[in-house]
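# Chains, contacts and geometry: an overview
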Amino acid sequence: MEKPSRLSLTLTCAALAIGLAALLGHRWLALGWNAWHYPTATPSARTQAVIDGGRAYIAAGADGIEVVDLATQKRRALVSPAAPADRIDDLALADGWLFALDATPPGHLMTYSLANPDRPSLSGELVPVPVAPFSGVSAAAGVVIVSGGTSQLTLREYDRNGHLGKEVATADFGRGQPDVALSPDGRIAAISTHIVGPDFAITFAEIQRQPLGLRTLGQLGLKEAGFTDGGYKPAHFPLVATWRGDHVYLAEGCGLDVIDVSDPSHPQLLRRDRGSQPAMDVVIYGDELDVLRAGSQPAVFRYRLDPSGLPTPAGNWNLPAGSHPAAIARNGGNAFITQLDRSWQIVPPNKFSPILPHQP
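### Notes on the confidence of the model for the protein chain
Should the pLDDT be low somewhere, the predicted coordinates at that spot are not to be read in detail. In the predicted model, the protein chain carries a mean pLDDT of 90, and the fraction of residues at 70 or more is 89%. The model gives residues 17–26 a pLDDT under 50, and that stretch makes 0 contacts with residues more than four places away or in other chains.

Here is the structure:
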């Protein structure tokens, strides 16, 4: 057989190099295009929501915090933002306190008492926090984190009276941290991480108390995550984590990921379910998990978790055509969905169409 000439080998290598460059360039171009066209929530959009007892607390932008009685499905109060904050973009609930984030510069973090569940009241002073698209807040077991987006991540402690500590720890894990989720014991943070360009990951960091700080434990790269459908400025990125035991459940562009963090220095991807692709938010209630799907056919996918923590598809419910969902929460068997058009809705379990188990 005749050996290929040096010229043909050179041309082949050049063609491969051009193809690789085009592939990488496509990822960068796709990233730039999606980032440029990401929507911004209107001042009155209903974005994030948390549920405590019989009340839903909704981040309502310039309107502040909307309080909804879940039994009657009626608004109980609309609590205006406390100056100098001028909007509420994200919420976290921990130890009976409601943590609220104004995610537009200059950012502010504030704590509300729920002693009167119908009327959250400000506890202590507002504190300034660095924010930039995209920023989120998470709290658990005496610590609260603001992810900072393309700005710095900040970590503080809070006391039994909801007052925020003076000591502040900061960190950067790459190009930015669009979201963060603390484990229920407040010991480990799952940090959505933009490394550089089209590269994203979930980073696991240990929360240190004396002195206050974060120590990187491990990281799991996510090849298909990034500026996928479902994100919006200033405070929602479709790379959202929630904890259950030693598993982290992640909603991202390629669907639902289940990550084993029994050894957080070596996180392992256990399962990926693409049925909910492109996923934008996730919530757990008992042994059920709901994933909110974005895109042209938005839907809620419900999974049942087996004793090992692995999900099995159980049902789905399609949102009306033209819907622009923002986030999902759970009230017993009901899914609670916020919308970018200043609305929210409750979906009871009998609205879900069953998904039959896969037959091998």
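### With respect to the nonpolar core
One finds Ile202, Phe204, Trp243 and Ile259 to be the most contacted residues of the largest nonpolar core, which totals 21 residues. For this core, the secondary structure elements donating two or more residues are β14 (188–196), β15 (199–209), β16 (212–222), β17 (240–244) and β18 (247–252). Beyond its immediate stretch of four places on either side in the chain, Ile202 contacts Ala190, Ile191, Ser192, Gly218, Gln219, Leu220, Leu222, Ala241, Leu250 and Ile259.

### Observations regarding the environment of Phe227
Within the fold, Phe227 resides in the loop between β16 and β17. It is 9.0 Å that separates the C-alpha atoms of Phe227 and Leu239, two residues lying 12 residues apart in sequence.

### Some points on the environment of Gly245
You can see Gly245 is positioned in the loop between β17 and β18. Along the chain, Gly245 and Val261 lie 16 residues apart, while their C-alpha atoms are 8.9 Å from each other.

### Some words on the sheet that holds strand β23 (residues 299–305)
Pairing is antiparallel in the open sheet, where 5 strands are placed in the order β21-β22-β23-β24-β28. The outermost strands of the open sheet, each flanked by one partner alone, are β21 (279–285) and β28 (353–354). As judged from the 6 bridges shared by strand β22 (residues 288–293) and β23, these two strands associate in the antiparallel manner. In the sheet register, Val291 faces β23, and the bridge partner there is Phe301.

### A closer look at the sheet that holds strand β19 (residues 255–260)
Strand order in the open sheet made by the 4 strands is β17-β18-β19-β20, with antiparallel pairing throughout. The open sheet has two free edges, formed respectively by β17 and β20 (268–273), since each of these has just one partner strand. Strand-to-strand twist across the sheet, computed as the mean angle between neighbouring axes with direction ignored, equals 25°. Here β19 pairs with β20 via 5 bridges, running antiparallel. If you follow Ile259 over to β20, its bridge partner there is Leu269.

### As for the pairing of strand β2 (residues 55–59)
Within β2, 5 of the 5 residues are buried, leaving the element largely enclosed by the surrounding structure. When strand β1 (residues 49–52) meets β2, the two strands line up antiparallel, connected through 4 bridges. Opposite Ala49, over in β2, you have Ile58 as the bridge partner. What sits between the antiparallel neighbours β1 and β2 is a turn of 2 residues, in which Gly53 has the positive phi angle 60°. The pairing of β2 with strand β3 (residues 65–69) spans 5 bridges and is classified as antiparallel. When the bridges of β3 are listed, Tyr57 appears paired with Val67.

### So, the pattern of salt bridges
Inspection of every chain in the model, using the stated rule, returns 18 salt bridges. The salt bridge involving Glu224 is made with Arg274; its shortest N-O contact spans 2.5 Å. Within this pair, whereas Glu224 is found in the loop between β16 and β17, its partner Arg274 is found in the loop between β20 and β21, the two being separated by 50 residues in sequence. Here Glu224 falls in the partly exposed class, since its relative accessible area comes to 35%.

### Focus on unusual backbone geometry
For the bond running from Ala83 to Pro84, omega is 10°, close enough to zero to count as cis. Between Pro105 and Pro106 the backbone carries a cis peptide bond, its omega angle lying at -10°. Among the structural elements, Pro106 can be located in the loop between β6 (97–102) and β7 (107–113). Located in the positive-phi region is Asp95, a residue other than glycine, with phi close to 55°. Judged by relative accessible area, Asp95 falls into the exposed class, the value being 53%. The backbone phi angle of Arg342 is positive, close to 70°, even though this residue is not glycine. Examined against the element boundaries, Arg342 turns out to sit in the loop between β26 (334–339) and β27 (344–347). Assessed through its relative accessible area of 48%, Arg342 is described here as partly exposed.

Reading the values: the criteria
- Residues numbered from 1 in each chain as written.
- Predicted model: local features only at pLDDT ≥ 70, side-chain atom pairs only at ≥ 80, totals over all residues.
- Heavy atoms only, no water.
- pLDDT = per-residue confidence, 0-100.
- Contact = heavy atoms within 4.5 Å.
- Core = buried A, V, L, I, M, F, W, Y, C linked by side-chain atoms within 4.5 Å.
- Buried < 20%, exposed > 50% of the residue type's maximum accessible area, 1.4 Å probe, protein only.
- Helix = DSSP H or I, 4+ residues; strand = E, 2+ residues; numbered from the N terminus.
- Pairing = 2+ DSSP bridges.
- Axes fitted to C-alpha atoms, helices over the stretch in contact; angles between N-to-C directions.
- Salt bridge = Lys/Arg side-chain N within 4 Å of Asp/Glu carboxyl O.

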